[in-house]
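Below are the chains, spelled out letter by letter.
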Amino acid sequence: MNFHSKERVRKRPVRNVSLARALSKLGVVSRSRAREMIEAGRVSVNGRRMNNPEVRVDPDREVIRVDGRIVRPAAHVYLMMHKPKGVVTTRSDERGRKTVYDLLADREKARWIFPVGRLDRESSGLLLLTNDTRWGNRIVDPEAKIPKSYHVKLNRPISVDDLKRFSEGIHLDSGGRTRPAEVRLLRTTEKGCWIVMTLREGRNRQVRRMCEALGYRVENLVRVRVGDLLLGDLPPGGTRRLTPKEVLRLSGKED
């Protein structure tokens, strides 16, 4: 958690939100954990103890305390990880599988950071983590149209007609047509092929579902790019902090 002994003016106001959401946006804990703390009577606003996680507050004007200590905004953290196959993108797993949080250094585990989007267990590659909710939400917002590129191994060679169909959007049985995807052939293997697919939206398991809709099975999937940020030579399981320039570019701003 992040506390300060004196009141301070917050540089990033979060106004008219529930108390639980305020604590999560200020980077103290996740919203579900914040609810537990509030219901346990550990949180006060302007000296008054609160038990309702949904009470509306203005953290820019009101003094919020947890266990008697004033909350201050957490410093923003921006990480990229090379998520390996076999690791799930959750904080904890009811089946005891390894999670991306198991790969973080102790100093990062102590912070409340969350994955920006997901990669399923059998997929690998570039995964962003942050405690900046506004930044993270922009990256996954389909309206921002931030490109995300994947190297995809298919179980058989792809036809020219199917490459064109990807570029026109694919109708998914579970709802609607995808936006057009940019797809090109990387190389053909003995029994299949590798393609590069670039999306500007992020439906659940979208790459796999698009390929399956055309009768292909995905045998390997690696996310290699988000915006102009490349996975590069970061080893599986490795993490690094983004540079200020990289953060600004993914924010849609120039440095």
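This one's a predicted model, so the numbers in the text were calculated from it and none came from an experiment.

**Student:** For the overall build of the chain, give the residues involved together with the corresponding values.
**Tutor:** Each helix and strand in the chain was counted, giving 7 helices and 16 strands. The principal-axis extents of the C-alpha atoms in the chain amount to approximately 70 × 40 × 35 Å. Burial statistics for the chain: of 255 residues in total, 47% are counted as buried. Counted over contacts in the chain with a minimum sequence separation of 6, partners at least 24 positions apart contribute 63%. For the chain, the computed accessible surface area is about 13700 Å², with 45% contributed by carbon and sulfur atoms. Across the chain, 56 positive and 32 negative side-chain charges occur, with their mean positions spaced 3 Å apart.

**Student:** Tell me about helix α6 (residues 206-213), and name the residues and values.
**Tutor:** Within the sequence span of α6, burial applies to Gln-206, Val-207, Arg-208, Met-210 and Cys-211. Looking at the residues trailing α6, positive phi occurs at Gly-215, about 90°.

**Student:** Account for the environment of Ala-40, naming residues and giving values.
**Tutor:** Structurally, Ala-40 is set in the loop between α2 (31-39) and β3 (43-45). By relative accessible area, Ala-40 is classed as exposed at 53%. In sequence terms Ala-40 and Leu-250 are 210 residues apart; their C-alpha atoms lie 38 Å from each other.

**Student:** Could you give an account of the nonpolar core, naming the residues involved and the relevant values?
**Tutor:** By size, the foremost hydrophobic cluster in this structure holds 51 residues, and its most contacted members are Leu-128 and Met-197. Discounting residues that sit within four places of it in the chain, Leu-128 has contacts with Leu-79, Met-80, Phe-114, Pro-115, Val-116, Trp-135, Ile-139, Val-226, Leu-229, Leu-242 and Leu-250. Counting residues in each nonpolar core, the second largest holds 18 residues, with Val-17, Leu-19, Met-37 and Ile-64 among its members.

**Student:** Give me the pattern of salt bridges: which residues, what numbers.
**Tutor:** Taken as a whole and judged by the stated rule, the model has 16 salt bridges. For Arg-121, the salt bridge is made with Glu-122, and the minimal N-O distance between the two is 3.0 Å. With relative accessibility at 36%, the residue Glu-122 sits in the partly exposed group. Across the pair Glu-201 and Arg-203 runs a salt bridge, and its minimum N-O distance is 3.4 Å.

**Student:** How would you explain the pairing of strand β10 (residues 124-130) if you had to name every residue and give the values?
**Tutor:** Counted residue by residue, β10 has 7 buried out of 7 residues, so it is predominantly covered. Pairing geometry for strand β8 (residues 78-83) and β10, over 6 bridges, is antiparallel. Of the residues in β10, the one forming a bridge with Met-81 is Leu-127. Judged from the 3 bridges that link them, strand β9 (residues 114-116) and β10 form a sheet pairing that is antiparallel. For Val-116, the partnering residue across the bridge sits in β10 and is Leu-128.

**Student:** Requested: an account of the packing of aromatic side chains, with residues and values cited.
**Tutor:** Tallying each qualifying case throughout the model produces 1 aromatic pair. Taken together, a centroid distance of 4.8 Å and an interplanar angle of 75° make the contact between Tyr-78 and Trp-135 edge-to-face. Of the two residues, Tyr-78 sits in strand β8 while Trp-135 sits in helix α4 (residues 133-140), which places them 57 residues apart along the sequence. As far as burial versus exposure is concerned, Tyr-78 and Trp-135 are alike and both buried. Sitting above the plane of the Tyr-216 ring, Arg-156 keeps its charged end 3.9 Å from the centroid.

**Student:** Before we move on, can you summarise unusual backbone geometry with the specific residues and values?
**Tutor:** The phi dihedral of Lys-145 is positive, around 55°, even though this residue is not glycine. Tracing the sequence through the fold places Lys-145 in the loop between α4 and β11 (148-154). Of note in the backbone geometry, Arg-205 takes a positive phi value of approximately 50° without being a glycine. As for its position among the elements, Arg-205 is in the loop between β13 (193-199) and α6.

What counts, and where the lines are drawn
Residues numbered from 1 in each chain as written. Predicted model: local features only at pLDDT ≥ 70, side-chain atom pairs only at ≥ 80, totals over all residues. Heavy atoms only, no water. Helix = DSSP H or I, 4+ residues; strand = E, 2+ residues; numbered from the N terminus. Buried < 20%, exposed > 50% of the residue type's maximum accessible area, 1.4 Å probe, protein only. Contact = heavy atoms within 4.5 Å. Areas by Shrake-Rupley, 256 points an atom, 1.4 Å probe, with all protein chains shown as cover. Lys, Arg positive; Asp, Glu negative; His and termini not counted. Charge placed at Lys NZ, Arg CZ, Asp CG, Glu CD. Core = buried A, V, L, I, M, F, W, Y, C linked by side-chain atoms within 4.5 Å. Salt bridge = Lys/Arg side-chain N within 4 Å of Asp/Glu carboxyl O. Pairing = 2+ DSSP bridges. Phe/Tyr/Trp six-rings, centres within 6.5 Å; stacked < 30°, edge-to-face > 60°. Lys NZ or Arg CZ within 6 Å of the ring centre and 35° of its normal.

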